[in-house]
Amino acid sequence: MKAPRFFGGRLKINLLMIPVMIGLILLGMGEIVLYYIPVVILHEWAHVIMAAALGMSISHMELFPFGCAARLQCFAVSRAKEMLVAAAGPFANMAAACAVFFIDKYACPIAVAEKLITANLALAAVNMLPALPLDGGRITRALFASFMGYKRATKITAAAGIFFAAVILIVGVWAAANGTLNPSFLIMAFFLCLAAVKELKNAPFTLIRDFSGKRAVIEKRKTLHINRFAALRNQQLGDIMREFEAGKYNMVTVLGNDLRVTGELSEYQILGGMMQKGTQATLGSVLNSGKDEKTAKL
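**Examining the overall build of the protein**
Alright, step 1. The secondary structure content of the protein amounts to 11 helices and seven strands.
Alright, step 2. Counting every position in the protein, which comprises 298 residues, the buried fraction comes to 42%.
Alright, step 3. Excluding contacts between residues fewer than 6 apart, the proportion of contacts in the protein whose partners are at least 24 apart in sequence is 63%.
Alright, step 4. Summed over all atoms, the accessible surface of the protein reaches about 16,400 Å², with 66% contributed by carbon and sulfur.

Rendered as structure tokens:
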């Protein structure tokens, strides 16, 4: 069964969300779910509108207790655009909170004004933490990437996600020990840690974004340093990408089992092969595909 489409992208609901929602309702906290849904929809709608305004589109979104992580279809996204798309969600929630406040105070009373304001501000505040996969983490990563590369910036901001998850967990346990049990703290800590670990594991693949900026660098500096290394032809592309260095053009000398050179692949060819064949494809398969293309042209 395909995931339903939502604002142009497929909506994926994390399976653990179902027992979480049921648990909150059984604990008499169904109101949280009721106000949470429209606030999250507004948050993600802002991301999608900003992405569309910048000429991008959303491939899919995954629903978490702290929000909904939107994934762009294109890997080659400038840092400025990534920051604008990330900031759009929290900004929309803060704008909505202000709108509800002024309408309730100066136009017509809104019975649930306080709850709507709290829900919007809470979602905006959480998402502005400088930790992946939150919006604040994406903004921080884009800033850090300008001087340390996406790979290292992703590792740092993903580690920050695990740190903040631990902080939220401690706050939740402390509140429970003082007689104020709030399951939302524990739930948020669990999902944030889970998502941050996932980002940490995928850190090597964020180098795809660096590739788009290398043309601008070489046009400005006239040169670009090369990271060159050798690997056996049966090595998988996912493992090879872990050896790539940000800010350098990566070249791989492909070796046979007898350690003889069988060819050479650039990062452009490897990234292309990964997009077509997946991360488990081997260097040899990409090399053979290139040879087949040359033969076909002849």
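Read on for the rest.
**Let's talk about the sheet that holds strand S7 (residues 261-266)**
Alright, step 1. Spatially, S5-S6-S7 is the arrangement adopted by the three strands of the open sheet, whose pairing is mixed. The strands lining the two open edges of the sheet, one partner per strand, are strand S5 (226-232) and S7. Each adjacent strand pair in this sheet contributes to an overall mean axis angle of 20°, direction not counted.
Alright, step 2. Where S5 meets strand S6 (residues 249-255), seven bridges bridge the pair, whose relative direction is parallel. The residue of S6 that forms the bridge with Phe229 is Val252.

**Topic: the nonpolar core**
Alright, step 1. Of all hydrophobic cores here, the largest spans 16 residues; its most connected members are Leu237, Ile240, Phe244, Val252, Leu265, Ile270 and Leu283.
Alright, step 2. Elements supplying a minimum of two residues to this core: S5, helix H9 (237-241), S6, helix H10 (267-277) and helix H11 (283-297).
Alright, step 3. The next biggest cluster of nonpolar side chains, apart from the first, holds seven residues, and it includes Ile168, Met188, Ala189 and Leu192.

**Concerning unusual backbone geometry**
Alright, step 1. Looking along the chain, the bond that leaves Leu132 and enters Pro133 is cis, with omega of 5°.
Alright, step 2. A positive phi angle, near 70°, is found at Leu259, a position not held by glycine.
Alright, step 3. Among the structural elements, Leu259 can be located in the loop between S6 and S7.
Alright, step 4. Using a relative accessible area of 59% as the deciding quantity, one classes Leu259 as exposed.

**Points about the packing of aromatic side chains**
Each aromatic ring pair is described using two quantities: the centre-to-centre distance and the angle formed by the ring planes.
Alright, step 1. A full pass over the atoms with the stated rule returns three aromatic pairs.
Alright, step 2. Here the aromatic rings of Phe101 and Phe102 are separated by 5.3 Å at their centres, their planes lie at 80°, and the arrangement is edge-to-face.
Alright, step 3. Residue class for Phe102 comes out partly exposed when judged on its relative accessible area of 46%.

**Quick notes on the pairing of S6**
Alright, step 1. Most of S6 sits out of view: six of its seven residues are buried.
Alright, step 2. Judged from the five bridges that link them, S6 and S7 form a sheet pairing that is antiparallel. Opposite Val254, over in S7, you have Gly263 as the bridge partner.

**Things to note about the side chain of Glu82**
Alright, step 1. As for its placement among the helices and strands, Glu82 is situated in helix H3 (residues 79-107).
Alright, step 2. A polar atom in the side chain of Glu82 sits 3.0 Å from the side chain of Arg141.

**Quick notes on the pattern of salt bridges**
Alright, step 1. Taken as a whole and judged by the stated rule, the model has four salt bridges.
Alright, step 2. Ionic pairing is found between Arg141 and Glu82, a salt bridge with its closest N-O pair at 3.0 Å. Of the two residues, Arg141 is situated in helix H5 (residues 135-148) and Glu82 in helix H3; the sequence distance between them amounts to 59 residues.
Alright, step 3. Look at Arg141 and you get buried, because its relative accessible area is 2%.
Alright, step 4. Here Glu199 and Arg138 are joined by a salt bridge, their closest N and O atoms 3.4 Å apart. Taken together, the residues Glu199 in helix H7 (residues 183-201) and Arg138 in helix H5 connect sequence positions 61 residues apart. Arg138 matches Glu199 in its accessibility class, with the two residues each being buried.

**A few points about the environment of Val261**
Alright, step 1. Structurally, Val261 can be placed in strand S7.
Alright, step 2. Using a relative accessible area of 58% as the deciding quantity, one classes Val261 as exposed.
Alright, step 3. Here the alpha-carbon distance between Val261 and Ala231, two residues 30 residues apart in the chain, equals 9.6 Å.
Alright, step 4. Excluding its chain neighbours within four sequence positions, the residues that come into contact with Val261 are Thr253, Val254 and Leu255.

So, how was this worked out
- Residues numbered from 1 in each chain as written.
- Predicted model: local features only at pLDDT ≥ 70, side-chain atom pairs only at ≥ 80, totals over all residues.
- Heavy atoms only, no water.
- Helix = DSSP H or I, 4+ residues; strand = E, 2+ residues; numbered from the N terminus.
- Buried < 20%, exposed > 50% of the residue type's maximum accessible area, 1.4 Å probe, protein only.
- Contact = heavy atoms within 4.5 Å.
- Areas by Shrake-Rupley, 256 points an atom, 1.4 Å probe, with all protein chains shown as cover.
- Pairing = 2+ DSSP bridges.
- Axes fitted to C-alpha atoms, helices over the stretch in contact; angles between N-to-C directions.
- Core = buried A, V, L, I, M, F, W, Y, C linked by side-chain atoms within 4.5 Å.
- Phe/Tyr/Trp six-rings, centres within 6.5 Å; stacked < 30°, edge-to-face > 60°.
- Polar contact = N/O pair within 3.5 Å; in protein donor to acceptor, adjacent residues only side chain to side chain.
- Salt bridge = Lys/Arg side-chain N within 4 Å of Asp/Glu carboxyl O.

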